[in-house]
Amino acid sequence: MSERMVIAIDGPAGSGKSTSAKLVAQKLNFLYIDTGAMYRAITFLAIKKNILSDKAKISELAEKTDIELTFENGKTSVKANNIDITEEIRSQVVNENVSDVSKIEEVRAALVKKQQKMGSKDIGVVMEGRDIGTVVFPNADVKIFLTCSIDERTNRRFKEFAEKGKAVSETFVKNNLLERDRIDSTRDISPLMKAPDAVEIDTSDITIEEQVNRILEIIKTTANKKKINLELK
Ligand code: DC
């Protein structure tokens, strides 16, 4: 079994974080934690409870909700207080509101605390998000920052929606990505940014296999330097 390492993967929506983080976690037999799913879960619940305009209530929700993330046989699932909301958190209305919910300081504080706890088990962890290398695990062993052109990111998200049979226009998808980029990178608290010691990989023109291989090479190099034993599947 591999020894424990903490791998932080950050970047904007559609840059390939989830796809590569899941595959890297599987190869290393590490935990995979999608922190975006946690912000989405709180957003979904806030919409359902009709409290989107009440920051105090949303913050309380973030503190009190038990969020469970599981990743088994390549599939992730998300439960809030034991109720499965895996599909619901990917809806368009959640896409449109999640960046505003993520700006709330108390929401971030509550979720960061949960993420730090989830990532502090004996097993290694691959955690993806916007602020993992900068705030959640500033001492992560490896920090990756993924980037990708807006057109390719639009293309990827558009295909995902089409595969699920959801009718949205490319322009709509592109505008949502640009708006989320804008809010995520300009917010006051822990905005999306590359940690100074993160390795940047532009995924616009490379395959998923290449992305994963590059990340694994970086992890292997660090493991060698730190004399950490890794066993890859
Ligand atoms: O990774 P994603 O697109 O599912 O994330 C949804 C939103 O959650 C994203 O637009 C900003 C927010 N987020 C965040 O603020 N910090 C994180 N660590 C992860 C996501």
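Each remark here, short or long, concerns the structure printed above.
All figures in this text were calculated on a predicted structure; none of them were measured in a lab.

Chemist: Help me understand the side chain of arginine 156 in this model?
Modeler: Positionally, arginine 156 belongs in helix 7 (residues 150-163). Relative accessible area serves as the criterion here: at 19%, arginine 156 is assigned to the buried category. Apart from the residues lying within four places of it in its own chain, the contact partners of arginine 156 are Gly14, Ser15, Gly16, Cys148, Thr203, Ser204 and Gln211.

Chemist: Explain the site of the ligand to me, please; I cannot follow it from the model alone.
Modeler: Around the ligand there are 16 residues in total, and Arg40, Arg108, Asp131, Asp184 and Arg187 lie nearest to it. Here a nitrogen atom of the ligand and a side-chain polar atom of threonine 35 are 3.0 Å apart. Within the side chain of serine 99, an N or O atom sits 3.3 Å from an oxygen atom of the ligand. Surface burial for the ligand is 98%, taken as the share of its 440 Å² of free accessible area covered by protein chains. Elements with a contribution of two residues or more to the shell around the ligand: helix 2 (35-48), helix 4 (92-101) and helix 8 (170-186). In terms of residue class, the shell around the ligand is made up of 2 nonpolar, 5 polar and 9 charged.

Chemist: Mind showing me how you'd approach the sheet that holds strand 5 (residues 83-84) here?
Modeler: Strand pairing within a sheet occurs via backbone hydrogen bonds; the two strands may be parallel or antiparallel. Read across the sheet, 3 strands follow the order 3-4-5 without closing on themselves; strand pairing throughout is antiparallel. With one partner strand each, in any of the chains shown, strand 3 (67-72) and strand 5 form the two edges of the open sheet. The pairing of strand 4 (residues 75-80) with strand 5 spans 2 bridges and is classified as antiparallel. Bridging across to strand 5, alanine 80 finds its partner in isoleucine 83. In the packing of helix 2 onto the sheet, the strands contacted are strand 3 and strand 4, and the crossing angle to strand 3 comes to about 130 degrees.

Chemist: Help me understand the packing of helix 2 against helix 4, please; the structure alone is not making it clear to me.
Modeler: When two helices pack together, their arrangement is given by the angle between the helix axes and by the axis-to-axis distance. Taken N-terminus to C-terminus, the directions of helix 2 and helix 4 make an angle of 110 degrees; their axes are 9 Å apart at the nearest point. The orientation of helix 2 relative to helix 4 falls into the category roughly perpendicular. Listed contacts from helix 4 to Tyr39, Arg40, Ile42, Thr43, Phe44 and Ile47 of helix 2 are Val93, Val94, Asn95, Asn97, Val98 and Val101.

Chemist: Explanation requested: a negative patch on the surface in the structure shown.
Modeler: Residues Glu63, Glu105, Glu106 and Asp188 make up a contiguous surface patch of negative charge. Here glutamate 106 shows up in helix 5 (residues 105-118). Taking the relative accessible area as the measure of exposure, glutamate 106 reaches 42% and is therefore partly exposed.

Chemist: What should I look at first to understand helix 8 in this one?
Modeler: Side chains three or four residues apart in an α-helix point the same way, a direct result of the helix having 3.6 residues per turn. Taking 1.5 Å as the rise per residue, helix 8 with 17 residues should run 24 Å; its terminal C-alpha atoms sit 24 Å apart, in good agreement. The complete set of buried residues in helix 8 reads Val173, Asn176, Leu177, Arg180, Asp181, Ile183 and Asp184. As for helix 8, its buried residues are in contact with helix 2, helix 4 and helix 7.

Chemist: I would appreciate a short explanation of the nonpolar core in the present structure.
Modeler: Within soluble globular proteins, side chains that are nonpolar tend to cluster in buried spots. Grouped together as the largest cluster of nonpolar side chains are 35 residues, with contacts concentrated most on Ile42, Ile58, Val107 and Leu111. Within the residue set of this core, elements represented by two or more residues are strand 1 (6-10), helix 2, helix 3 (55-64), strand 4, helix 4, helix 5, strand 6 (125-129) and helix 6 (132-136). Valine 107 has contacts with Tyr39, Ile58, Ser59, Ala62 and Val101, leaving out every residue within four places of it along the chain. If you look at the next biggest cluster of nonpolar residues, it comprises 23 residues, including Val24, Ile144, Ile218 and Leu230.

How each quantity is defined
- Residues numbered from 1 in each chain as written.
- Predicted model: local features only at pLDDT ≥ 70, side-chain atom pairs only at ≥ 80, totals over all residues.
- Heavy atoms only, no water.
- Helix = DSSP H or I, 4+ residues; strand = E, 2+ residues; numbered from the N terminus.
- Buried < 20%, exposed > 50% of the residue type's maximum accessible area, 1.4 Å probe, protein only.
- Contact = heavy atoms within 4.5 Å.
- Near = heavy atom within 4 Å.
- Polar contact = N/O pair within 3.5 Å; in protein donor to acceptor, adjacent residues only side chain to side chain.
- Areas by Shrake-Rupley, 256 points an atom, 1.4 Å probe, with all protein chains shown as cover.
- Nonpolar A, V, L, I, M, F, W, Y, C, P; charged D, E, K, R; others polar.
- Pairing = 2+ DSSP bridges.
- Axes fitted to C-alpha atoms, helices over the stretch in contact; angles between N-to-C directions.
- Parallel < 35°, antiparallel > 145°, perpendicular 65-115°, else oblique.
- Patch = residues over 30% accessible without salt bridge, like charges linked within 9 Å, V, L, I, M, F, W, Y side chains within 5 Å.
- Salt bridge = Lys/Arg side-chain N within 4 Å of Asp/Glu carboxyl O.
- Lys, Arg positive; Asp, Glu negative; His and termini not counted.
- Charge placed at Lys NZ, Arg CZ, Asp CG, Glu CD.
- Expected span 1.5 Å × (residues − 1).
- Core = buried A, V, L, I, M, F, W, Y, C linked by side-chain atoms within 4.5 Å.

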